[in-house]
Amino acid sequence: GFNAFVESLMHRVWDHQQIYIAKVLLDGRDAAGGIGFWHEDRLLMYLVGMDVQSSPHRPGWMLNWFTARTACEHKKDYLDFMRGDEEYKQRLGAEPQEQTRWLITSPRLLTRLRYATINRGIQLRDWFRKATHKEMTTIPRLATTTSDE
């Protein structure tokens, strides 16, 4: 399942030093955490989570702040929150970006019918989002610092 996928992915990117793992502790307990990937001029945040019981202390905001700071320290131009139009991304100054989606199917009839159904659903979703001005992906541009503070 999903856990096996994440574990396999971690092993593949670990050797290439492309993984970013962040954690916020509150009184010795995990309060928030995130997994991301370094890629060219950006830090891609793949998975972020927070302990709901810790929410009064705002560990998610602390995690986002330290992640943005880390991306700047590594001279990255972008912090990519990837898919989703959650409100916190807009509060952090994210700007919507277009996505490319690839679906590759076999030439069999049943597969082609499934693809056509999925494709129509995607087109309908995209039309609705444009009509309501909602975007899928947000990427804020980071202001990298040159001082050693």
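Quantities reported herein were computed from a predicted structural model and do not represent experimental measurements. (Residues numbered from 1 in each chain as written. Predicted model: local features only at pLDDT ≥ 70, side-chain atom pairs only at ≥ 80, totals over all residues. Heavy atoms only, no water.)

1. Concerning the overall build of the protein chain
So, step 1. When helices and strands are counted, the protein chain shows four helices and six strands.
So, step 2. Along the protein chain, helices and strands appear, N-terminal first, in the series α-β-β-β-α-β-α-β-α-β.
So, step 3. By the burial criterion, 30% of the 149 residues in the protein chain qualify as buried.
So, step 4. Put simply, 59% of the contacts in the protein chain that link residues at least 6 apart link residues at least 24 apart. (Helix = DSSP H or I, 4+ residues; strand = E, 2+ residues; numbered from the N terminus. Buried < 20%, exposed > 50% of the residue type's maximum accessible area, 1.4 Å probe, protein only. Contact = heavy atoms within 4.5 Å.)

2. Some thoughts on the pairing of strand 1 (residues 19-26)
So, step 1. Where strand 1 and strand 2 (residues 29-39) come together, eight bridges link them in antiparallel fashion. Counterpart to alanine 22 in the pairing with strand 2 is glycine 34.
So, step 2. Between strand 1 and strand 2, which follow one another and run antiparallel, lie two residues, and aspartate 27 among them has a positive phi close to 55°. (Pairing = 2+ DSSP bridges.)

3. Observations regarding helix 2 (residues 59-73)
So, step 1. With 15 residues, helix 2 should reach 21 Å at 1.5 Å per residue; the first-to-last C-alpha distance of 21 Å fits that figure.
So, step 2. Lysine 75 occupies a position one or two residues after helix 2 and carries a positive phi of about 60°. (Expected span 1.5 Å × (residues − 1).)

4. Observations concerning the confidence of the model for the protein chain
So, step 1. Residues with a pLDDT of 70 or more make up 84% of the protein chain, whose mean pLDDT is 80.
So, step 2. Residue range residues 145-149 is modelled with pLDDT below 50. Its contacts to residues more than four positions away, or to other chains, number one contact. (pLDDT = per-residue confidence, 0-100.)

5. Concerning the sheet that holds strand 1
So, step 1. Read across the open sheet, the four strands follow the order 1-2-3-4; overall the sheet is mixed. The outermost strands of the open sheet, each flanked by one partner alone, are strand 1 and strand 4 (78-80). Looking at each pair of strands side by side, their axes are set apart by 25° on average, direction ignored.
So, step 2. Inspection of the sheet shows strand 2 paired to strand 3 (residues 42-50) by eight bridges, in the antiparallel sense. Bridge pairing in strand 3 links glycine 36 to methionine 45.
So, step 3. Sheet strands in contact with helix 1 (residues 2-14) are strand 1, strand 2 and strand 3, and its direction is about 55° off that of strand 2.
So, step 4. Along the sheet, helix 2 contacts strand 1, strand 2, strand 3 and strand 4; its crossing angle with strand 1, the most-contacted strand, is approximately 140°. (Axes fitted to C-alpha atoms, helices over the stretch in contact; angles between N-to-C directions.)

6. Focus: the pairing of strand 3
So, step 1. Between strand 2 and strand 3, which follow one another and run antiparallel, lie two residues, and glutamate 40 among them has a positive phi close to 50°.
So, step 2. As paired elements, strand 3 and strand 4 share three bridges and run parallel to each other. Bridging across to strand 4, arginine 42 finds its partner in tyrosine 78.
So, step 3. As a crossover connection, the stretch from strand 3 through helix 2 into strand 4 is right-handed. (Right-handed = clockwise from strand over helix to strand, strands pointing away.)

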